[in-house]
Amino acid sequence: MEHQNSSTPHVVIIPDPVQGHVTPMFHLAELLCLAKLNVTLLSTTYVHKRLNKSIEARFARYPGFRFEVVSDGLPDDHPRTGSDGCWASIQGFALTAEPFLRGMISIGTSVTCLLVDGWLGFANNLAKEVGIPFIALRCYSAANNWLDIFVLKLIQDERVPFKEEDMDKLVENVPGLDTFLRNRDLPSFCRTKDRATCLGLQQAFADEVQRTSEAYGLILNTFEDLEGPLLSLLRSKCPRVYSIGPLHSHLKHRLDEEKTTLPISSSSLWEVDQSCLSWLDKKPAESVIYVGFGSLTILEKEQILEIWEGLVQSNKYFLWVIRPNLVIGGENGTPTPTALLEGTKERGCIVSWAPQEAVLAHPAVGGFLTHSGWNSTLESITAGVPMLCWPYFADQQVNSRYVGEVWKIGLDMKDKCDRKVVAEMVNDVLDRKKDELKESMARMSEAAKKSVTEGGSSYCNLDRLIQDIKMMSIKGAD
Ligand code: UDP
């Protein structure tokens, strides 16, 4: 598809090719399209094949939008989950995206700026080489971005890796975080015991911090009332920080302003099973715990059984997403106990992929047992649903600490996988601690909604971002 007008600014968005980055970047792409910018989103053939075809219809209304794809070099049936799988697809993507982008620029396609996700350093290098400004995109919280700077220092000071017995020690000398962040709340890779891995991490963080500091600005899917203090700290290192989230709700609001009749189609990479919504329709208000661990988490068979036992023992209704590739070693394990199957028939509903935003907005849902992925966290906040956090990896350890200790909008079950704890904490969220959690959650949810309406912080920051991009196309970046 040709862009509508060559004098219109043209941005190229390059997200890491995983669900939790592709979804918010489609939202950002659409927000920029609504502002009449030309937008190219670059991803992988794997992502393209798995996207619901309605997304093409959704973007067909924007003549300035193009979706370009390259291979990530992995076979179609590669799981692309867990830490290694997700890293393999990012690295594979970087290898093919670099020549593609170079080719695009060399044939004279005018590009105003690149919006580049976390681990795609090739694009920043290319932008510098050809003199195009780039803006860093990070699909995780301001706290995690701030921590990126200090993880490097923690590794250099040999405070990471830390000893097993120091798990509950506070992490010292990290401004903004050192009153509540413990070693166990650091991003999961800080738990590595291997020095060589640590040195590799050191380099990776050094590169990432360097890239952010060279960027024209930094776009974050967060909002001022949620992370104001950390955003201020980040602004001391990177003056143009555009906090424009929660992006999913921001987009809905801007589409409402346009009086668009077409629904926001899903950018899910799995087939969405809508049947769970009718199951929810038959349940009393706030009686169901929704259980979902995102797109990358993988569990051992023992872990899944322990959580399952806990859910059944909680005596609450549960709606659980069990992705086809969620469990490892599942097939050779012992058969599922009959009591679990019976308990599930009575009170449970299991689907392979849910319409998560609609589920969280359903009145029957009273809590969310989550892996604390950043999108899931923002979606839960927007819907006003308290969380029970069981983080798996990366930034999720930090997010769950914020949920439990700072924002007090949920409970943190980190590092425990025990049926009794699950049953108890599900009851805490749905009953015993429900009122206090719901009260603080209601305040945060209200603030989230306000931030994306006219005059709100995210609304104004997005306008500023669009204005800055337009200025770049007129006079070039300063
Ligand atoms: N999601 C969904 N249906 C599901 C599970 C997840 O639509 O059954 C979506 C969810 O709404 C979120 C994304 O997948 O937008 C997961 O992103 P997150 O950052 O929470 O976790 P990740 O998958 O990156 O670990």
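Our structure's up above, just so we're on the same page.
Definitions and limits used
- Residues numbered from 1 in each chain as written.
- Predicted model: local features only at pLDDT ≥ 70, side-chain atom pairs only at ≥ 80, totals over all residues.
- Heavy atoms only, no water.
- Helix = DSSP H or I, 4+ residues; strand = E, 2+ residues; numbered from the N terminus.
- Buried < 20%, exposed > 50% of the residue type's maximum accessible area, 1.4 Å probe, protein only.
- Contact = heavy atoms within 4.5 Å.
- Core = buried A, V, L, I, M, F, W, Y, C linked by side-chain atoms within 4.5 Å.
- Phe/Tyr/Trp six-rings, centres within 6.5 Å; stacked < 30°, edge-to-face > 60°.
- Lys NZ or Arg CZ within 6 Å of the ring centre and 35° of its normal.
- Pairing = 2+ DSSP bridges.
- Axes fitted to C-alpha atoms, helices over the stretch in contact; angles between N-to-C directions.
- Near = heavy atom within 4 Å.
- Polar contact = N/O pair within 3.5 Å; in protein donor to acceptor, adjacent residues only side chain to side chain.
- Nonpolar A, V, L, I, M, F, W, Y, C, P; charged D, E, K, R; others polar.
- Patch = residues over 30% accessible without salt bridge, like charges linked within 9 Å, V, L, I, M, F, W, Y side chains within 5 Å.
- Areas by Shrake-Rupley, 256 points an atom, 1.4 Å probe, with all protein chains shown as cover.
- Salt bridge = Lys/Arg side-chain N within 4 Å of Asp/Glu carboxyl O.
- Lys, Arg positive; Asp, Glu negative; His and termini not counted.
- Charge placed at Lys NZ, Arg CZ, Asp CG, Glu CD.

## So, the side chain of Asn427
Then comes step 1: Considering the arrangement of structural elements, one finds Asn427 in helix H16 (residues 419–432).
Then comes step 2: Judged by relative accessible area, Asn427 falls into the buried class, the value being 17%.
Then comes step 3: Ignoring sequence-local partners within four residues, the contact set of Asn427 consists of Ser314, Lys316 and Arg432.

## A closer look at the nonpolar core
Then comes step 1: Counting 131 residues, the largest nonpolar core has Ile13, Leu32, Leu101, Leu114, Leu115, Leu177 and Leu319 as its most contacted members.
Then comes step 2: If near-sequence neighbours (up to four positions away) are discounted, Leu319 is found in contact with Cys276, Trp279, Leu280, Val288, Ile289, Tyr290, Val291, Cys349, Val351 and Val359.
Then comes step 3: Among the nonpolar cores identified, the runner-up in size contains 26 residues, and Val291, Leu340, Leu369 and Val429 belong to it.

## A closer look at the packing of aromatic side chains
Then comes step 1: For the coordinates displayed, the defined rule picks out 17 aromatic pairs.
Then comes step 2: Centre to centre, the rings of Phe189 and Phe205 are 5.6 Å apart; their planes meet at 50°, and the pair counts as tilted. Taken as a pair, Phe189 in the loop between helix H6 (142–156) and helix H7 (195–214) and Phe205 in helix H7 lie far apart in primary sequence, 16 residues in all.
Then comes step 3: An aromatic cluster is present here, built from Phe26, Phe59, Tyr62, Phe65 and Phe67 joined pairwise through their rings.
Then comes step 4: The side chain of Arg50 reaches across the aromatic face of Trp270, ending 5.0 Å from its centre.
Then comes step 5: The ring of Phe162 has Lys193 sitting right over it, with the charged end atom 5.7 Å from the ring centre.

## Observations regarding the sheet that holds strand S1 (residues 10–14)
Then comes step 1: Overall, parallel pairing links the 7 strands, which are arranged S3-S2-S1-S4-S5-S6-S7 in an open sheet. Two strands lie at the open edges of the sheet, namely strand S3 (65–70) and strand S7 (241–243), each paired on one side alone. Here the strands of the sheet are splayed against their neighbours by 20° on average, with no regard to which way each runs.

## Some thoughts on the site of the ligand
Then comes step 1: Taken together, the neighbourhood of the ligand is formed by 18 residues, with Ser295, Ala354, Asn375, Ser376 and Glu379 sitting nearest.
Then comes step 2: In the model, a nitrogen atom of the ligand is placed 3.3 Å from a nitrogen or oxygen of the Trp353 side chain.
Then comes step 3: In the model, a nitrogen atom of the ligand is placed 2.7 Å from a nitrogen or oxygen of the Ala354 main chain.
Then comes step 4: When contributions to the shell around the ligand are tallied by element, the ones reaching two or more residues are helix H1 (19–34) and helix H14 (374–383).
Then comes step 5: The leading source of residues in the shell around the ligand is H14, at 4 residues.
Then comes step 6: Residue composition of the shell around the ligand, grouped by class: 6 nonpolar, 11 polar and 1 charged.

## Remarks on helix H5 (residues 121–130)
Then comes step 1: Inspection of H5 places Gly121, Phe122, Ala123, Asn124, Leu126 and Ala127 among the buried residues, and these make up the whole buried set.
Then comes step 2: Directly after H5, the chain includes Gly131, whose backbone phi takes a positive value near 75°.

## Details of the environment of Gln202
Then comes step 1: Relative to the helices and strands, Gln202 is located in helix H7.
Then comes step 2: Beyond its immediate chain neighbours, meaning those up to four positions away, Gln202 contacts Leu152, Ile155 and Gln156.

## Points about a negative patch on the surface
Then comes step 1: On the surface, Asp256, Glu257, Glu258 and Glu454 cluster together to form a negatively charged patch.
Then comes step 2: If you trace the backbone, Glu258 turns up in helix H9 (residues 247–258).
Then comes step 3: Owing to a relative accessible area of 46%, Glu258 belongs among the partly exposed residues under this scheme.

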